[in-house]
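# Secondary and tertiary structure notes
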Amino acid sequence: MWTVPMAKEYSGSPKLHQIESKRKRLMWFLSVTGLCILFYILGAWQNTVTSPISNSTSDKLSKAPCVSSNPTHSITQSTSGTVSLDFEAHHQVRINESSGGAYKFPPCELQFSEYTPCQHPNRARKFERKNLIYRERHCPAKDELLKCLIPAPPKYKNPLKWPQSRDYAWYDNIPHRELSIEKAVQNWIQVEGDRFRFPGGGTMFPRGADAYIDDINELISLTDGKIRTAIDTGCGVASWGAYLLKRDILTMSFAPRDTHEAQVQFALERGVPAMIGVLASERMPYPARAFDMAHCSRCLIPWSGREGLYLIEVDRVLRPGGYWILSGPPINWKKHYKGWERTQEDLKKEQDAIEDVAKRLCWKKVIEKRDLAIWQKPINHIECINSRKIYKTPHICQNDNADFAWYKKMETCITPLPEASNVEEVAGGALERWPERAFAIPPRIRSGSLPGITAEKFREDNEVWKERVAHYKRIIPPIAHGRFRNVMDMNAGLGGFAAAMTKFPVWVMNVVPSNSEKDTLGLVYERGFIGTYHDWCEAFSTYPRTYDLIHASNVFGTYQDRCDITFILLEMDRILRPEGTVIFRDTVEVLVKVQSLTEGMRWKSQIMDHESGPFNPEKILLAVKSYWTGEAEQQQ
């Protein structure tokens, strides 16, 4: 039996050795833990230090008036005290340090103030005029791309805030009087001093767009949430879409680039969704079954021509059970034929031809009353397929991706609807009414037509973007204060960003890159939002200075191996309004490269940590475009 003295004499006791070893490990563990805590506290303390970029103008942006000519407009921070980390203290990444600084992009000549690269009138003249092909997208070759900054016109001012912008716009921003003269009788637009006023008139609604919409509402309900997305072909200055907004109906206003009238530009200046586009030979850049309602008010499209090709395209983008509304020639021709300077026989023949195409498409005529005619697309194609025994043309398309619409030629065949088990079933799945529709599981997910996207992933995506937009609100207070109206998401995914933005007075153009692995644009429309396909290696179909806020999540990591990201940034500068904001999300390496280029574009920027903290490899680059005009550049 061991005794205490013997234990003391035996210095090599295994029990004492183990105790000493444990003490050393415990001390080492406590030391490392203490150091970790110390560095965490230091990091947290540093996060409370205000960045010199953001601190100087945090009050300026949050209190900015509607009209500003301030040449400096920097990143903002929340007044609650939450500010970004000083990126330079944590990431010492540099590129081209020996090059002597970032390349300074010069201003383009003032004549390019309204430059639309892929719908440029001079380039369009080189293409066939038949079927309006010359008005389609024809983008410049690589050696024709401009490497300069599109200037704002002299005396440019920040647009008026919504909803005032619906009715007024600054004349100096779009100095075109043509519409106020040519459309004076229709009351489209009027010049009042330094402003344009939009009375809401239109060729076929002399009592105003509001009264015209009320007339439609008497025929089909526009207030019960069933109709949420609409397309207006030949939109004019988009008064129809502007006044539908107060009924929670979101309209894609769609019209070609005019040589002088700038109708789409007026629409976007008003804060109304719009795109440059034309029904010519290619599909509209939208997925199948996108819109609940389509509209044409004297849009001058030959609907019965080319074997009904244009109505067939409208049928492709209409939801099952969706409506097509037509006013203007030839509707109510017995009353209007003299004013239209056409014979009764000619107008009757045109209407008969439209009615025939509609029947062949299996549409049902809902009503024709006064100047309005409304047709409805069937909710499925069970009876339509049987009717092919009677109507041999147009046939049902075979082996066609109905959603594919980027540089895709239109065809004279009916886009098939998803299969239905009975005549009462809505093909593809029924939609919830708005606003529940925004967060309900979309039919494309319920049906499993988007592999890998489950209902659970959809819900998780919504939570992620809810958190991210809450973070944006803290670092960019003007989002909630009405400073922004026209917003673009360059890589929309499942539409979570747009859904989280519905609490603010904005609308979002959801862009799904045409080369995306998963085509989610149809899902975005099922949620009650609008958007388009696009390839960011080309220019977007809009005028300069038409977006207040651009969201670019993982865009450049996708495109940096496909085309020169310099031209993507120059395109963003073209479509971004002076003093507009861009939010980039990507890896540090990509964002440092992007930031170095934006420095040469007169943007003020700062890289911030991810909303979850500094340990997330994804970072945020917040940038603001400076205010400057072409006139000032020429004077210098």
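Quick look at the structure, then. The structure displayed is predicted, hence computed values, not measured ones.

### As for the pattern of salt bridges
- Applying the stated rule across the entire model yields 33 salt bridges.
- Here arginine 577 and aspartate 548 are joined by a salt bridge, their closest N and O atoms 2.9 Å apart. One end of the pair, arginine 577, is in strand β15 (residues 576-587); the other, aspartate 548, is in strand β14 (residues 547-553), and 29 residues separate them in sequence.
- Aspartate 548 gets classed as buried once you look at its relative accessible area, which sits at 4%.
- For glutamate 611, the salt bridge goes to arginine 585, with nearest N and O atoms at 2.9 Å. Linking glutamate 611 in the loop between β16 (603-609) and β17 (618-625) with arginine 585 in strand β15, this pair joins segments that are 26 residues apart in sequence. In this pair, the class of glutamate 611 matches that of arginine 585, namely buried.
- Beyond isolated ion pairs, a larger network of salt bridges with shared partners links Asp210, Asp214, Lys246 and Arg247.

### Observations regarding helix α11 (residues 309-317)
- Within α11, 9 of the 9 residues are buried, which leaves it mostly tucked inside the rest of the structure.
- Taken together, the buried residues of α11 touch β7 (291-297), β8 (318-327) and α13 (344-360).

### Side note on the state of the cysteines
- The final tally for this structure, using the stated rule, is 6 disulfides.
- Through a disulfide, cysteine 362 is tied to cysteine 384; the S-S separation comes to 2.0 Å. On the S-S bond that ties cysteine 362 to cysteine 384, the torsion sits near 75 degrees, and the link is right-handed. Within this pair, whereas cysteine 362 is found in the loop between α13 and β9 (364-369), its partner cysteine 384 is found in helix α14 (residues 382-387), the two being separated by 22 residues in sequence.
- According to the relative accessible area criterion, cysteine 384 is buried, its value standing at 3%.
- Each disulfide pairs two cysteine sulfurs, and for cysteine 537 the partner residue is cysteine 563, the sulfurs being separated by 2.2 Å. Taking the sign of the S-S torsion, about -85 degrees here, the bridge from cysteine 537 to cysteine 563 comes out left-handed. Of the two residues, cysteine 537 is situated in the loop between β13 (530-534) and β14 and cysteine 563 in the loop between α19 (556-559) and α20 (565-575); the sequence distance between them amounts to 26 residues.
- Under the relative-accessibility criterion, cysteine 537 is labelled partly exposed at 31%.

### Overview of the nonpolar core
- Grouped together as the largest cluster of nonpolar side chains are 148 residues, with contacts concentrated most on Trp303, Trp324, Phe556, Met572 and Phe584.
- Formed by 7 residues, the second largest nonpolar core is a distinct cluster that contains Ile441, Ile453, Phe458 and Leu523.

Definitions and cut-offs
Residues numbered from 1 in each chain as written. Predicted model: local features only at pLDDT ≥ 70, side-chain atom pairs only at ≥ 80, totals over all residues. Heavy atoms only, no water. Salt bridge = Lys/Arg side-chain N within 4 Å of Asp/Glu carboxyl O. Helix = DSSP H or I, 4+ residues; strand = E, 2+ residues; numbered from the N terminus. Buried < 20%, exposed > 50% of the residue type's maximum accessible area, 1.4 Å probe, protein only. Contact = heavy atoms within 4.5 Å. Disulfide = S-S within 2.5 Å. Core = buried A, V, L, I, M, F, W, Y, C linked by side-chain atoms within 4.5 Å.

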